[in-house]
Amino acid sequence: MKYILTLCTVLLSAWQLRAGILSECYTKMAMPLQLNYLHFGYTESLHELDHNFRPWQASIYTGKGDMYCSVFHVTKADTLSDGKRKATSLSDYRSGQLLYQDYGTDGQVPVTQGMLEEQPYTLARYTPVLLLQHFLSEEIEESKDAPAGYAVYKSVLNGRHISLYIRKSDRLLDKVSILEHDDLYGDVLSTLYYSDYAQLEGQLHYPRKIRVEKYNGKLTDEIQVHGAELREKAPVLLTPPDDYALWQPPLEEINIRTEKYNDRIHFIELEHTDDRSLLVEFDHFLLVAEAPLNSENGERILAEAAKIAPGKPVKYFVFGHHHPHYLGGLRAFVHQGARIICSDVNKEYVEYIARAPHTLQPDKLQQEPKPLRTELVKDSLRISEGGYEMIIYFIGNASQHTDDYLLYYFPQEKLLFQDDLVWIPKEGPPAKAGARQEGLYKAIQGLGIQVETIIQSWPVRDYGVKTIIPFRELEESVQKQ
Ligand SMILES: [Zn+2]
């Protein structure tokens, strides 16, 4: 017996020696959850970058949830509220399987490999035990570069660079950093800080406060854990369908169509994002308006511009407002040497995007940095050459959509190009105008410009709305009672 005990001690210390501080942290924070569940409730504040009026303006949600968590299995039921509406989601995760009922859906939704693989780090905003389990089972070695007082462990999971910072003083997890690629912001760092540790049954240490600094510290969420207890079982929230399988989304097809409106105006339609970019051809240069979502789309539009008007440089890039469908591709135009037309409202945002490091998925501007050159529009900006002109008007929050809204007016054609303000159905008579649509109408009246046709950038095909709109239909919709 004594021999067996000694052997066990030797094996245990050999294991601890091999895995070091990570295994000691695991012992304190996760080991009891090999056989039990940590059951707890939580409340959270959640900040999301939806399509809001100003850059970096977040929508704020409050959430409440109930979780059961072992190192192998997690169930979660939660409710999110924006102050007006509430929605619930359910999830059940274990290695190789995720069952998920999304907010606002009645049944389970298809789950992709990516959704499955992100669970250990998305659930880390409530508990880090799945990450600790992953790092221990992958036998991740302690990193050589660590700040004083910390043992650091680094791993790449689902393309994310994840680092655990364990305090040497008490072997508890202090923070987790997650570096990932974002199409718009490039390398994006989130840091999860764990604090207010408590103990259950003298053996399990768990944090009761988690602060999440995300988007390189631009937004911060807070999570409070309460009512923790150890349980032997988790409730069944969802059951797998008989034919359970991960869903493989079809590969994205890239279709680009160009359309000549007249000798000066061309449209470049990107079917995969449902956007229409505008190309204006002057005698010696081009202007491009709108480039959706990412640098790749920006490059695609530049390639089309080179086909439409070979040899003419793109002198200007302009976006109608700061939402991703319009400025997401602006880095390609910075790289190409174009001036970026912007306003006081979004100049800093343009600078942030143009200068954001993209080391995880380098685009051309990352590979070959170029200076950002901007041109400010105040109330209006006239661009003309050889007797042809367009006028860019700043209407800002008169759009009832964003604080930085621009319209492009072509006096010769009596044509107005704008992004996403008009929602007139393709079929049937125009319905009563909504706030944005009325905002556009009033802005046009206020500018005193003669408009016959309005062309919209997004959506082109979806939503069943017109994107080439006779002005009188806009007028009718506003005058409707
Ligand atoms: Zn928008």
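That block above? That's the structure.
A quick note: this is a predicted structure, and the numbers were derived from the prediction, not measured.

A. Region of the structure containing the nonpolar core. In this structure, Val 288, Phe 317, Val 318, Leu 330, Phe 333 and Ile 340 are the most contacted members of the largest nonpolar core, which totals 59 residues. Looking at which element gives the most residues to this core, the answer is strand S21 (residues 406–410), with 5 residues. Core analysis: the next-biggest nonpolar cluster, separate from the first, contains 40 residues, Tyr 68, Val 74, Tyr 126 and Leu 164 among them.

B. Local environment of the sheet that holds S21. Taken together, the 6 strands give an open sheet; going across it, the order is S19-S20-S21-S22-S23-S24, and neighbouring strands pair in mixed fashion. At either margin of the open sheet sits one strand with a lone partner, and together these are strand S19 (380–385) and strand S24 (468–470). Between one strand axis and the next, the sheet turns through 20 degrees on average, direction left out of account. Along the sheet, helix H11 (residues 471–479) contacts strand S23 (453–456) and S24; its crossing angle with S24, the most-contacted strand, is approximately 70 degrees.

C. Structural detail: unusual backbone geometry. Put simply, Trp 458 and Pro 459 share a cis peptide bond, and its omega is -10 degrees. Inspection of the secondary structure puts Pro 459 in the loop between S23 and S24. Phi is positive for Asp 196, close to 55 degrees, though the residue is something other than glycine. With respect to the helices and strands, the residue Asp 196 is situated in strand S9 (residues 186–200). The exposure class assigned to Asp 196 is exposed, which follows from the 11 C-beta atoms found within 10 Å.

D. Spatial organisation of the pairing of strand S2 (residues 59–69). Across 11 bridges, strand S1 (residues 37–48) lies against S2 in antiparallel orientation. Bridging from a neighbouring strand, Tyr 42 pairs with Gly 65 of S2. Connecting S2 to the antiparallel partner strand S3 (residues 73–81) that follows it, the hairpin turn spans 3 residues.

E. Representation of the packing of helix H10 (residues 435–447) against H11 in the model. Direction vectors running N to C along H10 and H11 enclose 120 degrees, while the axes themselves pass 10 Å from each other. Of the two possible hands of crossing, H10 and H11 adopt the one that is left-handed. Residues Gln 437, Glu 438 and Tyr 441 of H10 pack against Leu 474, Glu 475, Ser 477 and Val 478 of H11. Grouping the constituent residues of the contact of H10 with H11 by class yields 3 nonpolar, 2 polar and 2 charged.

Definitions and cut-offs
Residues numbered from 1 in each chain as written. Predicted model: local features only at pLDDT ≥ 70, side-chain atom pairs only at ≥ 80, totals over all residues. Core = buried A, V, L, I, M, F, W, Y, C linked by C-beta atoms within 7 Å. Buried ≥ 20, exposed ≤ 12 C-beta atoms within 10 Å, placed from the backbone. Helix = DSSP H or I, 4+ residues; strand = E, 2+ residues; numbered from the N terminus. Pairing = 2+ DSSP bridges. Axes fitted to C-alpha atoms, helices over the stretch in contact; angles between N-to-C directions. Contact = placed C-beta atoms within 7 Å. Left-handed = near helix turned anticlockwise from the far one by under 90°. Nonpolar A, V, L, I, M, F, W, Y, C, P; charged D, E, K, R; others polar.

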